[in-house]
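A closer look at the structure
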Amino acid sequence: CTKRSIERHFFISFYLIIMTVIVYSSHSGSSEKYARSLSDRTGLSCFSINDEIPEGEPIVFIGWLRKDTIVGLSHVEKSRLKAVCVVGLDNDGRFRSNVVASKNGYKVPTYYLRGWIDRKKLNVLDKGVLMMVCVMMKLQGLNEQNEPIFNAMMEGGSFYDEKYLDPVELFLRR
């Protein structure tokens, strides 16, 4: 490695990370918390999907999952996506990134972040849907994998952990 190649690599890495923005869609707060934390860790600007998003800059999108749909992703240009972070309750080993990417129409790296449910922020319809899901889970039988998710949906609960951002940060710093 020459001094010039090291400087060039640093400049390219610096340029790529600075010219990227984080955009999030949040319902009960976990997507927003992940977005703000990633912003703190990387120095990238962070915007809600409801904000005016700078034109032309690549986007790391962080949004919550409703079935296989990433809420809010339809409001950003897919061609600007650099990565997508999906926030959900399920165990990360059960997340099907290829199915979600295909259904949502993008082809960039996907990262899964476990979030939380704040039942106080849910409307009546959302609470009703969660109740139906919980009834189905109960009928199918609870086990050590799905019982914590069942409890979070019934009473509220959190699986938030910043360790889920480590691979995203690594990807952005490459």
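Please refer to the structure placed before this passage.
To keep things clear, this report deals only with the structure shown in the data block. Small disclaimer: the values here were computed from a predicted structure and weren't measured. The numbers attached to residues start from 1 for each chain and follow its sequence in the written order. pLDDT decides what is reported in this predicted model: residues at 70 or higher carry local features, side-chain atom pairs at 80 or more are listed and counted, and totals for whole chains, interfaces and linings draw on all residues regardless. Each side-chain value is derived from all of the structure's non-hydrogen atoms; neither hydrogens nor water enter the calculation.

1. With respect to the overall build of the protein
By definition, any uninterrupted DSSP run of H or I lasting at least four residues is a helix, any uninterrupted run of E lasting at least two residues is a strand, and each is numbered from the N terminus. Helix and strand content of the protein: six helices and eight strands. Starting at the N terminus and ending at the C terminus, the protein contains elements arranged as α-β-α-β-β-β-β-α-β-β-α-α-β-α. When checking whether two residues touch, look at their non-hydrogen atoms; a contact exists if any pair is within 4.5 Å. For the protein, the share of sequence-separated contacts (at least 6 apart) that also reach a separation of at least 24 residues comes to 69%. Under the convention used here, a 1.4 Å probe and the Shrake-Rupley method define accessible areas, while residue burial counts only the protein chains that appear. Per element, the accessible surface of the protein, about 10400 Å² overall, is 54% carbon and sulfur.

2. Overview of the pairing of strand E3 (residues 59-66)
Most of E3 sits out of view: six of its eight residues are buried. DSSP bridges decide pairing: two strands pair if at least two such bridges lie between them. Note that strand E1 (residues 21-25) and E3 share five bridges and pair parallel. Of the residues in E3, the one forming a bridge with Ser 25 is Gly 63. In this sheet, strand E5 (residues 81-88) lies alongside E3 in parallel orientation, the contact comprising six bridges. Considered in E5, the bridge of Ile 59 is made with Leu 81. As paired elements, E3 and strand E4 (residues 69-70) share two bridges and run antiparallel to each other. Its bridge partner lying in E4, Arg 66 is registered against Thr 69. The antiparallel pairing of E3 with E4 creates a hairpin that spans two residues between the two strands, and Lys 67 there sits at a positive phi of about 60°. Exposed residues in this analysis have more than 50% of their type's maximum accessible area, buried residues have under 20%, and partly exposed residues fall in between, with area computed by a 1.4 Å probe over protein chains only.

3. Description of the packing of helix H4 (residues 124-140) against helix H5 (residues 147-155)
What counts as an axis is a line fitted to C-alpha atoms, over the stretch in contact for a helix, and the angles between N-to-C directions run from 0 to 180 degrees. One can describe the packing of H4 onto H5 by two numbers: an axis separation of 10 Å at closest approach and a directional angle of 150°. Comparing their axes, H5 and H4 come out roughly antiparallel. Between H4 and H5 lies a crossing whose hand is left-handed. Across the interface between the two elements, Leu 130, Met 131, Val 133, Cys 134, Met 137 and Lys 138 from H4 touch Ile 149, Phe 150, Met 153 and Met 154 from H5. For this classification, the nonpolar set comprises Ala, Val, Leu, Ile, Met, Phe, Trp, Tyr, Cys and Pro, the charged set comprises Asp, Glu, Lys and Arg, and every other residue, Gly included, is treated as polar. Of the residues contributing to the contact of H4 with H5, the split by class is nine nonpolar, no polar and one charged. For this classification, under 35 degrees means roughly parallel, over 145 means roughly antiparallel, 65 to 115 means roughly perpendicular, and everything else is oblique. For any pair of crossing helices, the crossing counts as left-handed if the nearer helix is rotated counterclockwise from the farther one by less than a right angle, and right-handed if it is rotated clockwise.

4. A few points about helix H2 (residues 30-42)
With 13 residues, H2 extends 18 Å from end C-alpha to end C-alpha; this agrees with the ideal 18 Å at 1.5 Å per step. Of the positions making up H2, those classed as buried are Ser 30, Ser 31, Tyr 34, Ala 35, Ser 37, Leu 38, Ser 39 and Thr 42. Directly after H2, the chain includes Gly 43, whose backbone phi takes a positive value near 85°. Each helix should span, by expectation, one fewer than its residue count multiplied by 1.5 Å.

5. Regarding the environment of Leu 89
Position of Leu 89 among the secondary structure elements: in the loop between E5 and helix H3 (97-104). The spacing of Leu 89 and Leu 113 is 24 residues in sequence and 8.4 Å in space, taken between C-alpha atoms. Residue contacts for Leu 89: discarding those within four places in its chain leaves Tyr 112, Arg 114, Gly 115, Trp 116, Ile 117, Ile 149, Met 153 and Phe 159.

6. Quick notes on the packing of aromatic side chains
Put simply, two rings from Phe, Tyr or Trp (the six-membered ring, in Trp's case) pair if the centres are within 6.5 Å, and we call them stacked under 30 degrees between planes, edge-to-face over 60, tilted for the rest. According to the stated counting rule, one finds four aromatic pairs in the structure shown. Three or more aromatic residues link up through ring pairs in this structure, and these residues are Tyr 34, Trp 116 and Tyr 160. Between the NZ or CZ atom of Lys 33 and the centre of the ring of Tyr 160, over which it lies, the distance is 4.6 Å. Here the guanidinium or amino end of Arg 114 rests over the ring plane of Phe 159, the centre of that ring lying 4.0 Å away. Think of it as a cone above the ring: NZ of Lys or CZ of Arg counts as a charge over the ring if it is within 6 Å of the ring centre and within 35 degrees of the ring normal.

7. Considering unusual backbone geometry
Even without a glycine there, the phi angle at Lys 67 is positive, about 60°. On the secondary structure map, Lys 67 appears in the loop between E3 and E4.

8. Some points on a nonpolar patch on the surface
On the surface, a cluster of nonpolar side chains totalling about 460 Å² of accessible area is made up of Met 131, Val 135, Met 136, Leu 139 and Met 154. The element best represented in the nonpolar patch is H4, accounting for four residues. Note on placement: Met 154 falls in helix H5. The patch calculation keeps residues exceeding 30% relative accessible area without a salt bridge and links them within 9 Å when they carry like charges or within 5 Å when they are nonpolar (Val, Leu, Ile, Met, Phe, Trp, Tyr). Criterion for a salt bridge: a side-chain nitrogen of Lys or Arg within 4 Å of a carboxyl oxygen of Asp or Glu.

Limitation: the analysis is restricted to geometry and does not speak to function.
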